[in-house]
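Summary of structural features
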Amino acid sequence: MTPGLAPLSIRTRLTLWYSGILLCILIVISLLGYSVLRWNLVQDLDASLLTVAQVLRDTSLTTERAEAETVLRELLGPEFYDKFFQLLDPEGRLAPWSWPRGSQALRLSPSARANAARGLKTFETVRSDGSDDVRLLTMPIIRGGRVAQIVQVGMSLYRARSALRRYLDTLVILIPLGVALAAVGGAIIARTAFRPVDEMALAARRITAEDLGQRISLRGTGDELDRLAATLNGMLARLAAAFTEMRRFAADAAHELRTPLTALKGGIEVSLRAARSAEEYRQVLASSLEEVERLIRLAEDLLLLSRSTAGPETRRGPVDLEPLLLDVFDVGLRLAQGTGVSVRINDMTPATVRGDAAALRRAVLNLVENAVKYTPAGGKVELSLTSGDGHASLAVQDTGIGITPADQNRVFEPFMRLDAARARESGGTGLGLAIARAIVLAHGGTLALESQPGAGSRFIVRLPLA
Ligand code: ADP
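First things first, this report covers the structure right here in the doc. Because the structure is predicted, anything quoted here is derived from the model rather than measured.

1. Let's talk about a nonpolar patch on the surface
A surface patch of nonpolar side chains, about 450 Å² in accessible area, is lined by Trp 17, Ile 21, Ile 25 and Ile 29. Secondary-structure assignment places Ile 25 in helix H1 (residues 10–58). Taking relative accessible area as the criterion, Ile 25 reaches 42% and is therefore assigned partly exposed.

Rendered as structure tokens:
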């Protein structure tokens, strides 16, 4: 783009294109019209020359020149006046008269003469010196089987040429005028067509992050612009939902942070109120440490969740799921120690997926931790790894407390604890399932839940095979 030259608006570009194309079409049509008109004029001229020549042939012009003129004038009527003609003998010598009187002898071209000798007529355009070009018919008059005379009838091309020139002059005025009118019309149409777009832009500009509830109004025409408005509205609705979710998340996170901080502050304040024994200080410090650990866990989980939601910056190497499951199984065994819950592996078929091994391990571990946590003593936790249908399925099944159908979607939301007291006791941050789901989704997989309250739950991670 030339520096300093603003890019043309769509409206201007459309108008320019439209006018340019119209100009080309008009020029082509005019040129075609010009050729057709010229051809028609010459055809008419030739037909009229032929009529005169035939009359001349059929009239025996042996009389005096003056008488012959009178005869021809009567015979030809108006055709007589704008033509000139002459009679020649077969050798091309001028006969005693021609019309108009004293007119210069028309040249008999060698080809016309040769044609005449063969009994053929010739139409040609000849350049006559000084005046306009002449359309000339040379026709032999055959009597008794041989060429008795040659008749030449000519007519100036002046009238035909000036008709063509007038046609061109008219076009030179009409084409620019037509294109100019079309450009004005095109510009008005383009402006009208784009007005709704301007209105949409204005409406979109009014909508801010604080005001995502507003929508662009549809005109009800169902056309492209209405579809665009509907698409933008859909995007706004998704943005609004995302913003609400973000606000809720920030509020929940603040709330989660405040609880241990308040506990911490309370403990420290109480211990500062009076002199305490070393044992009492030790107790306060120990419980403070617990709260600090809780805060660290929460901060780490928040970080992990935000990284997992950020998506595919994760390393994408091949991940063998078998050793991963064995590793998580080991951790599960340790977690279950002393709880009366048995952990075991049911099925295990080798499967490799693409992704981040550490993240995937984290996701499965969260499920196993929950399974052990929410299964009472005497219960079982079973892990399995199967593959088929282009996918690997990693299932974590427990015989724990289960989740009601109504809660099955909610448990994946951040900070969602179905029984706050119970969960807080068990020390979960409420982010475990949200993190697991974010990791699985970032790997192009799904995390499904089947559960029966009181009977147990089954979490299934499905990942596309590498
Ligand atoms: P938490 O840190 O509280 O475990 P999660 O996001 O891992 O957070 O789980 C959210 C909630 O889902 C838990 O508080 C619990 O109520 C419920 N939940 C998760 N896993 C199970 C399970 N295997 N059985 C029953 N309830 C579960």
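Let us keep going from here.
2. Focus: the packing of helix H4 (residues 158–206) against helix H5 (residues 224–273)
Close contact between H4 and H5 brings their axes to 11 Å; oriented N to C, the two are set at 10°. One way to sum up the angle between H4 and H5 is to call them roughly parallel. Facing H4, whose interface residues are Ala 193, Pro 196, Val 197 and Met 200, H5 presents Leu 225, Leu 228, Ala 229 and Leu 232. A per-class count over the contact of H4 with H5 returns eight nonpolar, no polar and no charged.

3. With respect to unusual backbone geometry
A positive phi is found at Asp 389, a non-glycine position, where the angle reads about 65°. Relative to the elements of secondary structure, Asp 389 occurs in the loop between strand S9 (380–388) and strand S10 (391–398). In this structure Asp 389 comes out as exposed when scored by relative accessible area, which is 70%. For Phe 415, which is not glycine, the phi dihedral falls at a positive 60°.

4. Quick notes on the pattern of salt bridges
The final tally for this structure, using the stated rule, is 15 salt bridges. A salt bridge links Glu 269 to Lys 265, with the nearest nitrogen and oxygen atoms 3.4 Å apart. Linking Glu 269 with Lys 265, this pair stays in helix H5, spanning four residues, or about one helical turn. Overall, Lys 265 belongs to the exposed group, its relative accessible area being 51%. When the shortest N-O distance is used, the salt bridge between Arg 362 and Glu 369 registers 3.8 Å. Look at Glu 369 and you get partly exposed, because its relative accessible area is 28%. Within the structure, one salt-bridge network assembled from shared partners comprises Glu 245, Arg 248, Asp 252 and Glu 413.

5. Focus: the environment of Arg 307
Mapped onto the elements, Arg 307 comes out in helix H6 (residues 278–310). Note on Arg 307: relative accessible area 48%, which makes it partly exposed.

6. Points about the sheet that holds S10
Strand order in the open sheet formed by five strands is S7-S9-S10-S12-S11, and the pairing between neighbours is mixed. Two strands bound the open sheet, and with one partner strand each, they are strand S7 (342–348) and strand S11 (446–452). The sheet shows a mean angle of 15° between the axes of neighbouring strands, direction not considered. Where S11 meets strand S12 (residues 456–464), seven bridges bridge the pair, whose relative direction is antiparallel.

7. A short note on the pairing of strand S4 (residues 134–143)
For S4, the buried fraction is high: eight of the 10 residues fall into the buried class. Pairing analysis gives five bridges linking strand S3 (residues 122–126) to S4, with the strands arranged antiparallel. Each bridged residue has a counterpart across the sheet, and for Phe 123 the counterpart in S4 is Leu 137. Alignment of S4 against strand S5 (residues 146–156), held across 10 bridges, turns out to be antiparallel. In the sheet register, Pro 140 faces S5, and the bridge partner there is Ile 150.

8. Focus on the nonpolar core
Grouped together as the largest cluster of nonpolar side chains are 48 residues, with contacts concentrated most on Leu 321, Leu 367, Val 381, Val 396, Leu 447 and Phe 459. Of all elements in the fold, only H6, helix H7 (321–336), helix H8 (357–373), S9, S10, helix H10 (432–442), S11 and S12 reach the threshold of two or more residues within this core. The leading source of residues in this core is H8, at nine residues. The residues touching Phe 459, leaving out its near neighbours within four places in the chain, are Leu 367, Leu 394, Ala 395, Val 396, Ile 403, Phe 412, Leu 433, Leu 447, Ala 448 and Leu 449. Within the second largest apolar cluster, 18 residues are counted, among which are Leu 49, Leu 137, Val 153 and Leu 157.

Analysis parameters
- Residues numbered from 1 in each chain as written.
- Predicted model: local features only at pLDDT ≥ 70, side-chain atom pairs only at ≥ 80, totals over all residues.
- Heavy atoms only, no water.
- Patch = residues over 30% accessible without salt bridge, like charges linked within 9 Å, V, L, I, M, F, W, Y side chains within 5 Å.
- Areas by Shrake-Rupley, 256 points an atom, 1.4 Å probe, with all protein chains shown as cover.
- Salt bridge = Lys/Arg side-chain N within 4 Å of Asp/Glu carboxyl O.
- Helix = DSSP H or I, 4+ residues; strand = E, 2+ residues; numbered from the N terminus.
- Buried < 20%, exposed > 50% of the residue type's maximum accessible area, 1.4 Å probe, protein only.
- Axes fitted to C-alpha atoms, helices over the stretch in contact; angles between N-to-C directions.
- Parallel < 35°, antiparallel > 145°, perpendicular 65-115°, else oblique.
- Contact = heavy atoms within 4.5 Å.
- Nonpolar A, V, L, I, M, F, W, Y, C, P; charged D, E, K, R; others polar.
- Pairing = 2+ DSSP bridges.
- Core = buried A, V, L, I, M, F, W, Y, C linked by side-chain atoms within 4.5 Å.

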